[in-house]
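The chain contents come next:
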Amino acid sequence: MLLDSIRTQLDALSRSEKKVGLAVLKNPDHAVSGNITALARSAQVSEPTVVRFCRALGYDGWHEFKLKLAQTLALALPQADESPLQDDLASDLVSKICSRSINALLDLRNNLQPAAIERALDVLARSDKIEFWGQGTSGIVAADAQHKFFRSGVYTVAYSDPHIHAISAALLKKGDTVVAISQRGNSTALLHSVQLARKLGADVIALTPSGTPLSEIATVLVPIDLSFNIDPYTPISARLAHLVVIDILAVGLALKGGPEFRKKMQNAQKALQKLDMQFDSFLRHPPKL
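Numbers given for residues are sequential positions, taken from 1 along each chain in its written order. Given that this is a predicted model, residues contribute local features only at a pLDDT of at least 70 and side-chain atom pairs are listed and counted only at 80 or more, while totals for whole chains, interfaces and linings are drawn from all residues. Hydrogen atoms and water are omitted, and side-chain values are computed over all heavy atoms in the structure.

A.B. asks: For this particular structure, what's the right way to read the environment of Leu 22?
C.D. replies: Here Leu 22 is to be found in helix 2 (residues 15-26). Sequence spacing of Leu 22 and Lys 68 is 46 residues, and the spatial spacing of their C-alpha atoms is 17 Å. Put simply, DSSP H or I for four residues or longer makes a helix, DSSP E for two residues or longer makes a strand, and each gets a number counted from the N terminus.

See the structure below:
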């Protein structure tokens, strides 16, 4: 949600802009129903400060921010922000976890910048090699990305060990691309490897929240602004959002590659089908010992 994005970026705002953010978080419905004067009065700041707050979040001004906030509140599902409780029934967990995941994807769809996706695809399309780096749960996303991209015939690898991607970074060159995946964007080890990759001329596409150290040193930022501090279960939704962005990039690159890419993907699919048929035949007619 947009509210999660505000929470994520609070520390990066100025003191007066932070007051506006806190006022919005405290009563988002009031921010939507009122005008800029009412919000400025509630936050005890000037109206220009409210405008600066909106622009700091990536919006042109108050009206665009207010419209996006209204859309976010309208799309939000009931119980989406409720944390799982010790005595929750299975039906409660189904409702809460599914609602949270759906809201994360709705927020992603409403806020993901098509221009950033297009810039990332341009870099990927001209890459000689693509490496996916991530640590912890982001390492799982990196492995999934490698699996999706190499089906298109693109030379890819995925590294989740910081020692390994540090070594790999030292071997990169101009024409290579790193997709750095991080839910927080502040991993010291990942930042070290990314800085080295940039120094050697490689491009870096960062899938991370805006305003983070990783976002500042990337060639292309694909911002994924989700909150991580609500409860221990929040990263589940964050990982889902990252996986969807990987899907978008993988499909976009395949389409950008034209018929040749499509043929490679079809050949990969046929190879899997043939393997499945051979395995099925083996199970039906095992060799006699």
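Next comes the rest of the description.
A.B. asks: Explain the UniProt feature "domain: HTH rpiR-type" (unreviewed entry) in the protein chain to me, please; I cannot follow it from the model alone.
C.D. replies: As annotated by UniProt and renumbered to match this structure, "domain: HTH rpiR-type" (unreviewed entry) occupies residues 2-74. End C-alpha atoms of residues 2-74 are separated by 12 Å, and the span's content is 78% helix alongside 0% strand. UniProt positions are given in the numbering used here, feature names are shortened, and annotations may be inferred rather than shown by experiment.

A.B. asks: Explain the confidence of the model for the protein chain to me, please; I cannot follow it from the model alone.
C.D. replies: Low-confidence regions, as indicated by low pLDDT, have predicted coordinates that should not be scrutinised in detail. Per residue, pLDDT measures the predictor's confidence, with a range of 0 to 100. Counting all residues, the mean pLDDT for the protein chain is 86, and 92% of those residues have values of 70 or more. Element-level pLDDT for the protein chain is lowest in helix 14 (residues 259-284), with a mean of 72, against a maximum mean of 97 in strand 3 (residues 176-181).

A.B. asks: Quick question: what am I supposed to make of the packing of helix 2 against helix 5 (residues 47-56) here?
C.D. replies: Two numbers describe a pair of packed helices, the interaxial angle and the distance between the axes. With axes taken as lines fitted to C-alpha atoms, and helix axes fitted only over the stretch in contact, angles between N-to-C directions fall between 0 and 180 degrees. Two numbers describe how helix 2 lies on helix 5: the axes approach to 9 Å, and their chain directions differ by 80 degrees. Viewed along their axes, helix 2 and helix 5 adopt a mutual orientation that is roughly perpendicular. Contact with helix 2, carried on its side by Ser 16, Glu 17, Val 20, Gly 21 and Val 24, involves Thr 49, Val 50, Arg 52, Phe 53 and Ala 56 of helix 5 and no other residues of that element. Class assignment of the residues belonging to the contact of helix 2 with helix 5 gives a composition of five nonpolar, three polar and two charged. Any angle from 65 to 115 degrees is called roughly perpendicular, while one under 35 is roughly parallel, one over 145 is roughly antiparallel, and all others are oblique. The contact definition used throughout considers only heavy atoms, calling two residues in contact when any of these lie within 4.5 Å. In this classification, the charged set is Asp, Glu, Lys and Arg, the nonpolar set is Ala, Val, Leu, Ile, Met, Phe, Trp, Tyr, Cys and Pro, and all remaining amino acids, among them Gly, are polar.

A.B. asks: Whenever I open this one, helix 7 (residues 90-111) confuses me. Can you help?
C.D. replies: Working note: α-helix, 3.6 residues per turn, so residues spaced by three or four point in the same direction. Any helix carries an expected span of 1.5 Å times its number of residues minus one. Over its 22 residues, helix 7 runs 31 Å from end to end, which matches the ideal 32 Å to within 8%, given 1.5 Å per residue. Note on classification: 1.4 Å probe, protein chains only; a residue is buried when its accessible area is under 20% of the maximum for its type, exposed when over 50%, partly exposed between these limits. Looking at helix 7, one finds that the buried residues are Lys 96, Ser 99, Arg 100, Ser 101, Asn 103, Ala 104, Leu 106, Asp 107 and Leu 108.

A.B. asks: What am I meant to see in the sheet that holds strand 5 (residues 220-223) here?
C.D. replies: Within a sheet, each strand pairs with its neighbour through backbone hydrogen bonds, oriented either parallel or antiparallel. Strand order in the open sheet formed by five strands is 2-1-3-4-5, with parallel pairing between adjacent strands. Edge strands, defined here as strands with exactly one partner in the open sheet, are strand 2 (156-159) and strand 5. Taken pair by pair, the neighbouring strands of this sheet meet at an average axis angle of 15 degrees, ignoring direction. When DSSP locates at least two bridges between a pair of strands, those strands are taken to pair. Bridge count for strand 1 (residues 129-134) against strand 2 is four bridges, and the pairing is parallel. Bridged to Ile 130 within strand 2 is Thr 156. Against the sheet, helix 10 (residues 162-170) touches strand 1 and strand 2, its axis set at about 150 degrees to strand 1.

A.B. asks: Explain the packing of helix 2 against helix 4 (residues 36-43) to me, please; I cannot follow it from the model alone.
C.D. replies: Following both chains from N to C, one finds helix 2 and helix 4 inclined at 105 degrees, their axes separated by 9 Å at the closest point. Classified by the angle between their axes, helix 2 and helix 4 sit roughly perpendicular to one another. Two secondary-structure elements touch here, helix 2 through Lys 19, Val 20, Ala 23 and Val 24 and helix 4 through Leu 39, Ser 42 and Ala 43.

A.B. asks: Can you walk me through helix 2 in this structure?
C.D. replies: Across its twelve residues, helix 2 extends 17 Å between first and last C-alpha, which sits within 8% of the 16 Å expected from 1.5 Å per residue. Taken as a whole, helix 2 has its buried residues at Glu 17, Val 20, Gly 21, Ala 23, Val 24 and Leu 25.

A.B. asks: Before we go on, may I ask you to explain the packing of aromatic side chains in this structure?
C.D. replies: The geometry of an aromatic ring pair is captured by two quantities: the separation of the ring centres and the angle between the planes. Aromatic rings from Phe, Tyr and Trp, taking only the six-membered ring of Trp, are treated as a pair when their centres fall within 6.5 Å; an angle between ring planes under 30 degrees marks them as stacked, one over 60 as edge-to-face, and anything in between as tilted. Here the structure, examined in full by the defined rule, presents four aromatic pairs. Members of the aromatic cluster, joined through ring pairs, are Phe 53, Tyr 59, Trp 62 and Phe 65.

A.B. asks: What is the right way to look at the side chain of Asp 88 in this model?
C.D. replies: Structurally, the position occupied by Asp 88 is in the loop between helix 6 (62-75) and helix 7. Residue classification places Asp 88 among the buried residues on the basis of a relative accessible area of 17%. Any pair of nitrogen or oxygen atoms within 3.5 Å is treated as a polar contact; in protein, a donor-acceptor pairing is required on top of that, and neighbouring residues in sequence qualify only through side-chain atoms on both sides. Side-chain polar atoms of Asp 88 contact the side chain of Lys 96, separated by 3.0 Å. If near-sequence neighbours (up to four positions away) are discounted, Asp 88 is found in contact with Ser 83, Leu 93 and Lys 96.

A.B. asks: Help me understand the pattern of salt bridges, please; the structure alone is not making it clear to me.
C.D. replies: Any two side chains of opposite charge can pair, given that their charged atoms come close. For this document, the term salt bridge refers to a Lys or Arg side-chain nitrogen within 4 Å of an Asp or Glu carboxyl oxygen. Within the structure shown, the criterion is met by nine salt bridges. When the shortest N-O distance is used, the salt bridge between Lys 256 and Glu 118 registers 3.1 Å. Pair noted here: Lys 256 is in helix 13 (residues 234-257) and Glu 118 is in helix 8 (residues 114-125), with a separation of 138 residues, a long-range link. Take Lys 256: its relative accessible area is 39%, and that puts it in the partly exposed class. Relative accessible area serves as the criterion here: at 38%, Glu 118 is assigned to the partly exposed category. For the salt bridge of Asp 247 with Lys 148, the shortest nitrogen-to-oxygen distance reads 3.3 Å. Separated by 99 residues along the polypeptide, Asp 247 in helix 13 and Lys 148 in helix 9 (residues 137-150) bring together distant segments of the chain.

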